[in-house]
Structure formats: C-alpha cells, structure tokens
Amino acid sequence: MITLDLIVGARPNFIKIAPIIKAIERKNIDRKVISFRLIHTGQHYDANMSDTFFRQLGIPEPDINLNVGSGTQAEQTAGIMLGYEKVLMKSKPDLCMVVGDVTCTMACAIVARKMLVPVAHVEGGIRSDDRTMPEEINRIVTDSITDWFFTTSETANNNLIRSGIDDEKIFFVGNTMVDTLLANRSRFIRPEIWDKLRLIEKEYFVMTLHRPANVDEGEKLKQLINEIVKHSHDLPLVFPVHPRTARIISELNISNPRLHMIKPLGYLEFNYLVEKSKAVITDSGGITEETTMLDIPCMTLRDTTERPETISIGTNELLGTNPDAIAPAMNRLFNGGWKTGGIPPLWDGHTAERIIEIISKTA
Ligand code: UDP
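Throughout what follows, the structure given in this document is the object of discussion.

Attention now moves to the overall build of the protein. On a plain count of helices and strands, the protein comes out with 16 helices and 13 strands. A compact globule built from 363 residues would reach a C-alpha radius of gyration of about 21 Å, and the protein, at 20 Å, matches this within 12%. For the protein, the spread of C-alpha atoms along the principal axes amounts to about 60 × 40 × 40 Å. Every one of the 363 residues in the protein was classed for burial, and the buried ones make up 60%.

This is how it looks when you write it as structure tokens:
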C-alpha cells in the first residue's frame with residue numbers, strides 16, 4: 001500500500017484536492033491501494049475561505065491541522081515548516097503531494113524533500129515569469145525539488161523541459177480544478193444575492209481582486225474600481241471581497257449603488273454567479289480556467305499569466321493593471337466583439353483519476 005500526505009492550506013487548494021481524494025476513494029473500492037493523511041496548514045481558516053469548501057466539495061475533515069493562521073510570507077512559511085517537520089518526525093509517508101502555488105505548497109515541499117520524502121506537485125511547471133508575485137517564487141522553489149510533476153498544459157511541460165527536468169518525471173494529466181468544476185456544475189447554488197439584487201442572466205458582472213499588484217496601494221485600487229464601475233454600462237457588479245482586499249478596502253471609502261461588495265461566496269454559489277454573468281473581471285488564476293470552461297468572457301487585470309492556454313484557447317484576455325485599459329475592453333464586450341473559447345487539451349474532468357492511476361502503478 002502507498003501512503004500519501006495531501007497538503008492543503010488555502011482556498012484554491014481545497015478545490016484542487018477534492019477530486020484527488022475522490023479518485024483515491026474510488027481506487028480503494030476493491031482493495032486499499034492508497035492511504036492518505038490530509039494535512040491542513042491553516043493559512044485560510046475561517047468559514048468563508050475554508051469550512052464551506054470542505055462541506056460543499058465533500059472533503060473529509062483534515063487528519064492534521066497545523067493552524068498556522070495569518071501572517072507575513074516568512075511567518076507563514078516558517079510556521080508551516082516547523083509544524084510539518086514535527087509531523088514527519090513522527091511518521092513519513094511514501095510521497096508528499098502538494099498542489100498549486102501557495103505558501104504551503106513550497107513550505108511542505110521543502111520539509112518533505114529534506115527529510116527524504118519524494119514530492120509530487122499537482123499543477124507543476126506553470127510560470128508567469130513575474131518574480132514580483134509570491135506565487136511565482138513558490139512555483140520555482142517547489143519545482144526545483146519536485147520528483148513527480150503533474151501538469152495542466154503543454155506550456156507547463158515545455159517550461160519544465162527547458163529548466164532541465166527529465167521528461168520521465170513529467171506527467172501531462174490536465175487540470176484538477178476543472179474536474180471539480182465539471183463534477184459540480186449541476187449542483188451550483190443560486191446565492192441569496194441573486195434575489196436580493198434581482199439579478200438577470202447576462203446582465204451583471206462578477207469581480208474578484210486580491211493580487212498585491214492591484215490591492216496593496218489603496219489609491220490605485222480605488223481608481224481601478226471606479227473605472228470599472230464607470231464603464232460597466234449601468235450593470236450591477238457583484239464583488240465578493242477576498243479577506244486580503246477587505247482589509248484595504250475598508251479604509252478607502254468606495255461606494256456606488258451598482259457596486260455590491262459582499263463576503264467571499266461558497267464554491268457552488270460563486271460559480272453559479274459566474275456561469276450566468278455577462279463577464280468576469282479578476283486577477284485570480286483559477287477563475288481564468290473556470291471562465292474558459294464555462295465560456296464566459298474574462299478580463300484579467302494582470303500583465304502576465306501562468307495559464308496562457310486560457311488566452312490562446314479560452315475566453316481570457318490580459319488587460320494589465322492600468323485603469324485606462326478598462327474602457328476599450330468594455331466597449332468590445334458590449335459590441336459583441338469578445339472571443340468565444342475552446343477547451344484546452346485534457347481539461348475533461350478525469351485528471352485526478354489519471355494522477356491516481358500513475359501513482360498507483362509507479363510509486
Ligand atoms: N472562489 C469562490 N468564492 C469566491 C471567489 C472565488 O469559491 O467568492 C473560487 C473560484 O471559483 C476559484 C478559486 O476560488 O475556484 C480561486 O481562488 P483564488 O482567486 O483565491 O486563488 P487563485 O486562483 O488566484 O490562486
């Protein structure tokens with residue numbers, strides 16, 4: 001039997017790990033092939049950012065919670081490393097599986113590798129080439145010590161090959177975030193805000209912002225939001241505010257009757273809103289993948305992306321972070337000039353099964 005540590009710590013991790021756990025459970029039906037410990041490092045800990053996702057996506061209670069809480073990058077990295085090292089000192093798994101690009105992805109990969117536990121990275125190889133993003137540092141460090149790369153795109157494969165990774169360690173399997181989306185699409189839930197605002201299909205926007213480049217400077221953030229409100233052709237904007245952004249926004253005195261700033265939504269409610277929206281305005285990475293799958297126009301307020309297939313194949317476009325880019329993009333959207341998207345290779349809902357097959361054959 002193979003033993004796995006599955007590491008999660010922040011919202012996008014929960015969405016990426018859920019189908020992997022389901023695939024393990026299916027694999028174990030006749031004979032237990034894989035046993036796992038689910039380790040929550042506790043970067044996101046409140047109900048809105050954590051518990052709701054466990055409940056909605058049927059993720060079991062974590063076996064271990066490191067409860068690292070909020071803090072600076074270094075505080076969180078250090079806290080997670082100390083906590084996970086203690087766990088590994090008691091018992092080591094055959095493989096440590098990390099997902100995505102958050103702090104715990106990198107911190108647990110380092111601890112595992114130093115204690116001679118091989119590391120599997122789900123969503124390995126993606127690069128924005130923007131080293132001002134903490135996530136890019138997490139990706140580079142994690143991939144430099146990963147043993148098994150499970151990738152979402154040909155671009156990721158090429159990035160790894162270019163950095164000298166052996167072809168045999170790279171498994172192009174697709175996207176577990178897409179597994180979750182496809183498995184739950186028929187279960188999306190109409191959120192309360194729908195009736196409260198009397199939203200109409202295709203006649204509102206969904207917006208999310210949490211990247212330091214957009215939200216760390218208050219005045220810039222205010223300008224960006226005002227510009228979006230100004231050019232959104234009188235449609236309502238639903239803005240579930242990430243806790244990081246909420247801290248800054250509360251000091252900015254932004255208000256407009258069409259701008260609805262609400263608490264982060266559950267996964268099923270959020271994607272209900274996305275699926276029926278006119279378009280999404282975001283700086284998230286995962287949301288560009290979901291809008292591609294749902295064929296919803298996506299305006300990304302960033303200069304780079306680590307997910308270029310959402311642009312070359314999907315519905316996503318990079319507008320940059322300059323507020324001047326909003327007006328022309330909105331005009332194009334309202335004139336019917338936005339592209340329709342296709343589906344990237346292997347984004348078919350079966351990625352987690354492929355990962356578990358590979359691990360059970362090869363580990
Ligand atoms: N999401 C959610 N509720 C919200 C906003 C986002 O469930 O109010 C989900 C969204 O569907 C996507 C994920 O959170 O699956 C994206 O997380 P985030 O933007 O925090 O991370 P990133 O993708 O930028 O790493």
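Our focus in this paragraph is the pattern of salt bridges. Applying the stated rule across the entire model yields 21 salt bridges. Residue K16 pairs with E123 through a salt bridge whose shortest N-O separation is 2.9 Å. With K16 in helix α1 (residues 11-27) and E123 in the loop between β5 (119-122) and α5 (134-144), this pair connects stretches of sequence that are 107 residues apart. By relative accessible area, which is 4% here, E123 ends up buried.

Around the ligand there are 19 residues in total, and R11, L265, S284, G286 and E290 lie nearest to it. At a separation of 3.0 Å, an oxygen atom of the ligand approaches a polar side-chain atom of S284. Contact with the protein chains removes 98% of the 540 Å² of surface that the ligand exposes when unbound. By residue class, the composition of the shell around the ligand is ten nonpolar, six polar and three charged.

Counting residues in hydrophobic clusters, the biggest one holds 57 residues, and the most contacted among them are I20 and F150. It is α1 that contributes the most residues to this core, eight residues altogether. Apart from the residues within four sequence positions on either side, I20 is in contact with L6, M97, V99, V122, T176, A352, I355 and I356. Judged by nonpolar contacts, the second largest core, of 28 residues, contains L221, I228, I254 and W338.

For R198, which is not glycine, the phi dihedral falls at a positive 50 degrees. Topologically, R198 is positioned in the loop between α8 (192-197) and β8 (205-208). The class of R198 is exposed, set by a relative accessible area of 73%.

What follows is about the packing of aromatic side chains. Considering all chains together, one arrives at seven aromatic pairs under this definition. Three or more aromatic residues joined by ring pairs make a cluster, and in this case those are W148, F150 and F171. One Lys or Arg, K276, reaches over the ring of Y272 and ends 4.8 Å from the middle of that ring.

With that settled, consider the sheet that holds strand β6 (residues 148-151). In space, the seven strands of this open sheet follow the order β3-β2-β1-β4-β5-β6-β7, with parallel pairing throughout. With one partner strand each, in any of the chains shown, β3 (64-65) and β7 (170-172) form the two edges of the open sheet. Two strands pair when backbone bridges link them, and β5 and β6 are joined in this way by three bridges, in the parallel orientation. Residue pairing for β6: V122 is matched across the bridge by F150. Relative to strand β4 (residues 95-99), helix α4 (residues 103-114) is tilted by about 165 degrees, and along the sheet it contacts β1 (2-8), β4 and β5. Relative to the sheet, helix α16 (residues 351-362) contacts β1, β2 (34-40), β4, β5, β6 and β7, its axis offset from that of β6 by approximately 160 degrees.

A regular strand places its side chains on the two faces of the sheet in alternate fashion. Going residue by residue along β6, you find W148 and F150 tucked away on one face and F149 and T151 tucked away on the opposite face as well. Regarding the hand of the β-α-β motif, the stretch spanning β5, α5 and β6 is right-handed. Sheet analysis places β6 next to β7, joined by three bridges and oriented parallel. Looking at the pairing, F150 lines up with F171 of β7. Handedness of the crossover joining β6 and β7 through helix α6 (residues 154-162) is recorded here as right-handed.

Rules used throughout
- Residues numbered from 1 in each chain as written.
- Predicted model: local features only at pLDDT ≥ 70, side-chain atom pairs only at ≥ 80, totals over all residues.
- Heavy atoms only, no water.
- Helix = DSSP H or I, 4+ residues; strand = E, 2+ residues; numbered from the N terminus.
- Rg over C-alpha atoms; globule rule 2.2 N^0.38 Å.
- Buried < 20%, exposed > 50% of the residue type's maximum accessible area, 1.4 Å probe, protein only.
- Salt bridge = Lys/Arg side-chain N within 4 Å of Asp/Glu carboxyl O.
- Near = heavy atom within 4 Å.
- Polar contact = N/O pair within 3.5 Å; in protein donor to acceptor, adjacent residues only side chain to side chain.
- Areas by Shrake-Rupley, 256 points an atom, 1.4 Å probe, with all protein chains shown as cover.
- Nonpolar A, V, L, I, M, F, W, Y, C, P; charged D, E, K, R; others polar.
- Core = buried A, V, L, I, M, F, W, Y, C linked by side-chain atoms within 4.5 Å.
- Contact = heavy atoms within 4.5 Å.
- Phe/Tyr/Trp six-rings, centres within 6.5 Å; stacked < 30°, edge-to-face > 60°.
- Lys NZ or Arg CZ within 6 Å of the ring centre and 35° of its normal.
- Pairing = 2+ DSSP bridges.
- Axes fitted to C-alpha atoms, helices over the stretch in contact; angles between N-to-C directions.
- Right-handed = clockwise from strand over helix to strand, strands pointing away.

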